[in-house]
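# Commentary on secondary and tertiary structure
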4 protein chains.
Amino acid sequence: MSGEYALSSSELTKVLSDIEIAQRATLTPIEEVASKLGLTPEDLECHGRYKAKIQFEAIARARTRPRGKLILVTAMTPTPAGEGKTTLSIGLAQALSHLGKRACVAIREPSLGPVFGVKGGAAGGGYSQVVPMEDINLHFTGDIHAITTAHNLLVAMIDNQIHQGNLLAIDPRTITIKRCLDVCDRALRHCVVGLGGPIHGVPRETGFEITAASEVMAVHMLAKDIPDLKKRLGAMLVAYTYGGHPVTASQIGAVGAMAAVLRDALKPNLVQTLEGTPAFVHSGPFGNVAAGCSSVTATILGLHLSDYLVTEAGFGSDLGAEKFIHIKCRSLGIQPDAVVVAATIRALKMHGGLALQDLDQPSAERVAAGMENLLHHVSIMRSFGLPV
Amino acid sequence: MSGEYALSSSELTKVLSDIEIAQRATLTPIEEVASKLGLTPEDLECHGRYKAKIQFEAIARARTRPRGKLILVTAMTPTPAGEGKTTLSIGLAQALSHLGKRACVAIREPSLGPVFGVKGGAAGGGYSQVVPMEDINLHFTGDIHAITTAHNLLVAMIDNQIHQGNLLAIDPRTITIKRCLDVCDRALRHCVVGLGGPIHGVPRETGFEITAASEVMAVHMLAKDIPDLKKRLGAMLVAYTYGGHPVTASQIGAVGAMAAVLRDALKPNLVQTLEGTPAFVHSGPFGNVAAGCSSVTATILGLHLSDYLVTEAGFGSDLGAEKFIHIKCRSLGIQPDAVVVAATIRALKMHGGLALQDLDQPSAERVAAGMENLLHHVSIMRSFGLPV
Amino acid sequence: MSGEYALSSSELTKVLSDIEIAQRATLTPIEEVASKLGLTPEDLECHGRYKAKIQFEAIARARTRPRGKLILVTAMTPTPAGEGKTTLSIGLAQALSHLGKRACVAIREPSLGPVFGVKGGAAGGGYSQVVPMEDINLHFTGDIHAITTAHNLLVAMIDNQIHQGNLLAIDPRTITIKRCLDVCDRALRHCVVGLGGPIHGVPRETGFEITAASEVMAVHMLAKDIPDLKKRLGAMLVAYTYGGHPVTASQIGAVGAMAAVLRDALKPNLVQTLEGTPAFVHSGPFGNVAAGCSSVTATILGLHLSDYLVTEAGFGSDLGAEKFIHIKCRSLGIQPDAVVVAATIRALKMHGGLALQDLDQPSAERVAAGMENLLHHVSIMRSFGLPV
Amino acid sequence: MSGEYALSSSELTKVLSDIEIAQRATLTPIEEVASKLGLTPEDLECHGRYKAKIQFEAIARARTRPRGKLILVTAMTPTPAGEGKTTLSIGLAQALSHLGKRACVAIREPSLGPVFGVKGGAAGGGYSQVVPMEDINLHFTGDIHAITTAHNLLVAMIDNQIHQGNLLAIDPRTITIKRCLDVCDRALRHCVVGLGGPIHGVPRETGFEITAASEVMAVHMLAKDIPDLKKRLGAMLVAYTYGGHPVTASQIGAVGAMAAVLRDALKPNLVQTLEGTPAFVHSGPFGNVAAGCSSVTATILGLHLSDYLVTEAGFGSDLGAEKFIHIKCRSLGIQPDAVVVAATIRALKMHGGLALQDLDQPSAERVAAGMENLLHHVSIMRSFGLPV
């Protein structure tokens, strides 16, 4: 069935846009979706009817169960438009469900910044979407807001520490952490803060990054539970002293407040695909600066509560999948059971030498030439001893 | 009954702190609380078990019903610790419930900034609290995050407009709107943004304010529905052209995106008091820069679904209550049916001439002298023809 | 004679502008001008043919001689165009010379900034000018450049001190001294310096002022000799420590280098009036922030080498003359022997109530009304017991 | 003779420092020095007894005479301490004088910044110095102050142009010219100016450079006369418009004021060597950003008024001498008659591979190895067809 959809979706999307498809969907109540994974209403913290956070108790319980298979979706070197890893992951999970398997999918939460930029959301496409799509693309369950707040609370405490006598002897010019916002705001990239005289802090050069690039996001993705979250937050390097010694968030005394702000955000979010397959959409670090994958907590839940968890790792296999295996899998103590390398005709043509603006033109020759890129990504995955 | 609690709470709080009291409370499921106001489960968008947003349809339906009585709680000129308007409002609503009336209370959402600062939350105290207190004091249902995002989206679009050719001829030095964050961050009060060369925008002096001081928050408080929200957002003055003409958010083209971000935030939040009385906690503009009261949407719901809605207006009657009547009541087309002017022995002593550090000492003389302040506030309220 | 010139100059200047008059003048070689004061060629350090600095030895020698009379020229409250104190001072000295007295005049050095601004130079006007006028209005003998350099050297050393470990524990936000330039440069009034990362100093808010407003200029005006210069430079307050203690230029270790840079600038400059009367043009602090008069060294020379020294004090008698008497005279241990309060019909009309744009219209009534201002300035001078 | 001095000076300087030698020197009156070049007192504008500027009329007159030989002193790749080109040039001119030739030397004016830094002045060393050394190392005849002022006047006019409506549509982020000061001031390298609100200009990122790096200095070095100066100043590129078109100083309307400020500075300065040989010390652009040599006007004078003019070109032959020939000689229409490539044992050892801190140790092997560097510089000069 999934294959059929894949074939027909390109035609259908000429008629129905992603958002139209998402809005026409009839959604299953989230308690019912959760029950497919053996989760009870008590395991859920509902956000409206179709979104729920999963309680920590349910995660702890899941870890005692045997785990299913982990299928990693990665890609050849992508074109600027992306190669559809998310769409493919969702489709694969739906297909496995059609085959009668207990399957679920785990993907990242979209950033709001790009939603209002050119890239659009990140909830899949065509008939391989997670829903309620608009909610997921906007505030969803507030995780990214919480991460923004925790991050900025830390930086405010650093500046306040310096303003209040600077007992840690932090050199303000060496503060490595910027502030963050989940808005694409060019003018905040480079700024001078702390102006306005002695009562308004210490002047220094800094900037804002998008929340998906925050190290707090990376920590949120990797943390197994609240104690692990606190340990990872506390270890964050934020600055250097005048003497050249590193200063951590723990020394700033920010960990307790940050963990309080992040408590709910650490609970995985459960939604569904257009066909009612359970889908975890949780955490969203950028693949270029961090391991661009969904959370460890969501992976644990999905892996132990289903036969197959399909998940994706951002960018090509050389960047996203390597980080997934080196960082996230090592932290989890597991390996993927299978790897899928997504490829598109467009990407093959591009890597075969066709210019970006000409990718819409057919060229069997360029496609063949582009196979070299695809095969290299396959070989990377094979070098880990994984079935591709 | 409320009187009894008021008497005993000062003793009890020697034993139990506010947070202990709140954590020991047994909460009623929010559907049950909602049913006291005639709201059905379909009217609710639940956030966990004890918080719910009310759908716009329910607001529209409520407006067709006759309205109950509006009781405004204001205060004499406050001490820095506050004079307990919120606690008194909650207590009053609970007392009316004990008397068998259909009563509810409407208060403001707390800012996160002060929560981590010295002031603590704003969910009442002792046995006159709204719960779940910790949730309300942290992210709650995400309204303040949405307001922060909408506000910063607007400012990012202004800077982007200037960067992309400045067709509106905005003089960057006249931009009146700052950015905002829900974090107490001294170092952001005054900053220079847009640094880093031509591709990173146009350098200009600006700053951040706390979200409670955002004009978007004031708009959120006053907006009756989405069209009204859009109209008010669009009218926001954000800058001047080189020729001295005002520029509005509407000219920036930001209204659609801002309204999309604020859509859910406009729905009133329903929680409960420690005794299960329905409580709306919605919107939270600062009283010193805006009308410091809860939202118009919450007021409409509370007023039309109960016999008595108790609500408060920030600061003393000369600031908060006058704005409440001049701005919010005018917008609603109603007047309060009764006014309560909160007074404390501490405030009377302070206005009687006792120094701040001596307020713990008894002084009947100073209390008597401080009555002048209280009586003036009573006379202000009487000047509106209101029963005090 | 001076009266005749005063009468005729307004007519003549319809035909010849100040600069034309100055350029047509036949100048006396400066050695010859100097000889009128008993100065020998060895006492001079010539700058071209018509400008000379006077050696310190000549000053020391002059102090051993009896002193002449000191005539102070001040003014009623001025109009924006100035009331001609400089012109009057030069004219008076020329008149005294015509009467056969050994007379000279001492005025301030013009700032370059206003020369290229709207105000024009400050070398007198009509036939009461000091010459070579263009030289005096431009670099002259380099004094203002030296003051600029000494001033900025001090500030560079402060910033460098902070950058190199800040052993004095200076709070960079409390540095009271700005940098200076002898250029009207609006964009430098408020700036943030020390940007660019740890190797480029410590970011802080500061600004530039015009050199005439520099405290180094005020010190230059008051210093009797090199040791006095060093003492006064060393006492300059430049910042505060984190503990709130004042930091002086002496603690910065800047005095030696500053004095080296200022050595030649401390020697008075001798030029001549259009009629060959000796004229000292030396030092130039702004009257609004300092004692707006020429240097103590020039006053000593002029006073001891002639019968009459005519000198001026900037702004009205309430500002310039009071500072002259309170600060400069006290430092010299003398009092003026006579005071002249300059008044113009324009100023009388303005203070009589005529609007600025109407000052060209005759109005005997307004002139009479404006006498009140003039009489008050006369009474101020009388309050010092001085003949006006 | 020069060889003798070279041999003995290293011994003598163990006893007498450069400054002691300079201070013990008996100087010849500058009129007498000038007369060696056929210059009359009327050709001079004296600054004290031992410094004079040469009038433009004398330059014009000199150009009508036949020219002498031009000897260029350059060097192998220098060590950080410099290889003594200035000392060698002065020594060569003195030696030629001893041989009975009419010889003079032309070198650059020292920057004040490095004088107070680590490098010391640039007036030669030992018995090959130009004097009065202290004057030359401080303000000298004010040329560098004038260049600083002209430069900053231009930039102030650019900022003012933008502030006053920006009729030229200059993009403030593209202004290529910084301000300058003749002070080593790290904190001014990167700054944000134009802060303080709409009346204080337009905020923008910029910085200060040392005056020797100013393009106005390069223009001052190359300008033959006032019209040429104006033409070169007017052609200076200072910014780009929003449309990407270049903006010149001429379009800013700054050329007249700049030329007025630079008028006297364009006249070459005449001083003497310790042995009374005429020495021109005029203009001082940095060799790393400009042609690091003395002025065209000084070269014209020296070349036409003597048999041999010895002059130097900053840095190694690959940088300084190439620029001297490509830029300055082309502008003059001449070629050097002979080239001297300065070499020191220290530099040979360094280029032979000895570490900087070991240069004091003897090593014949390293000296031999370093010859490769020297020979390459010789070959560069030979490639121009010049006798080395």
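Residues numbered from 1 in each chain as written. Chains lettered and ligands numbered in written order. Predicted model: local features only at pLDDT ≥ 70, side-chain atom pairs only at ≥ 80, totals over all residues. Heavy atoms only, no water.

## Remarks on the relation of the copies chain A and chain B
What counts is decided by this rule: Superposition of the copies was done by least squares, using only C-alpha atoms of residues whose pLDDT is at least 70 in both. Any pair of residues with heavy atoms lying within 4.5 Å of one another is described as a contacting pair.
At an RMSD of 0.0 Å, chain A and chain B line up after a rotation of 180° and a shift of 0.0 Å along the axis. Taken together, these values place the two copies in the relation of a two-fold axis. Among all residues of chain A, the minimum C-alpha distance to the rotation axis is found for A:His47, at 2.2 Å. Comparing contact sets, 100% of the residues at the interface of chain A also lie at the interface in chain B, consistent with an isologous, same-surface contact.

## Section: the relation of the copies chain A and chain C
Note that the two copies of the chain are related through a rotation about an axis and a translation along the same axis. Superposing chain A onto chain C takes a rotation of 180° combined with a translation of 0.0 Å along the rotation axis, leaving an RMSD of 0.1 Å. The residues that chain A uses at the interface reappear at the interface of chain C in 100% of cases, marking a shared surface.

## Notes on the pairing of strand β13 (residues 269–273) of chain D
Residues and elements named next belong to chain D. Inclusion rule: Each residue is placed in one exposure class: buried if its accessible area under a 1.4 Å probe, protein chains only, is under 20% of its type's maximum, exposed if it is over 50%, and partly exposed if it falls in between. Runs of E in the DSSP output that reach at least two residues are strands. Runs of H or I that reach at least four are helices, and both are numbered from the N terminus. Two strands are counted as paired when DSSP detects at least two bridges linking them.
Burial within β13 is extensive, with 5 of its 5 residues counted as buried. Bridge count for strand β2 (residues 51–54) against β13 is 2 bridges, and the pairing is antiparallel. Counterpart to Ala52 in the pairing with β13 is Leu270. Sheet topology note: the β13/strand β14 (residues 278–281) ladder contains 3 bridges and is antiparallel. Bridge pairing links Leu270 to Phe280 in β14. The hairpin turn running from β13 into β14, its antiparallel successor, is 4 residues long, and Gly276 in that turn takes a positive phi close to 85°.

## Examining the confidence of the model for chain A
Residue and element names in this part refer to chain A. For clarity, the threshold we go by: pLDDT measures how confident the predictor is about each residue, on a scale from 0 to 100.
With 93% of its residues at a pLDDT of at least 70, chain A reaches an overall mean of 89. For residues 1–14, every residue scores under 50 in pLDDT, and the model assigns this stretch 9 contacts once sequence neighbours within four places are set aside. The complex model carries a pTM of 0.91, and its ipTM stands at 0.91.

## Considering the packing of aromatic side chains
Where we set the bar: What counts as a ring pair is set by centres within 6.5 Å for rings of Phe, Tyr and Trp (its six-membered ring), and what kind of pair is set by the plane angle: stacked under 30 degrees, edge-to-face over 60, tilted for all other angles.
Overall, the coordinates contain 2 aromatic pairs over all chains when judged by the stated rule. Summarising the aromatic geometry, the rings of A:Phe208 and B:Phe208 are spaced 5.4 Å apart at their centres and angled 5° between planes, so their arrangement reads as stacked. Of this pair, A:Phe208 sits in strand β10 (residues 208–210) while B:Phe208 sits in strand β10 (residues 208–210), on two different chains. The class of A:Phe208 is buried, set by a relative accessible area of 7%.

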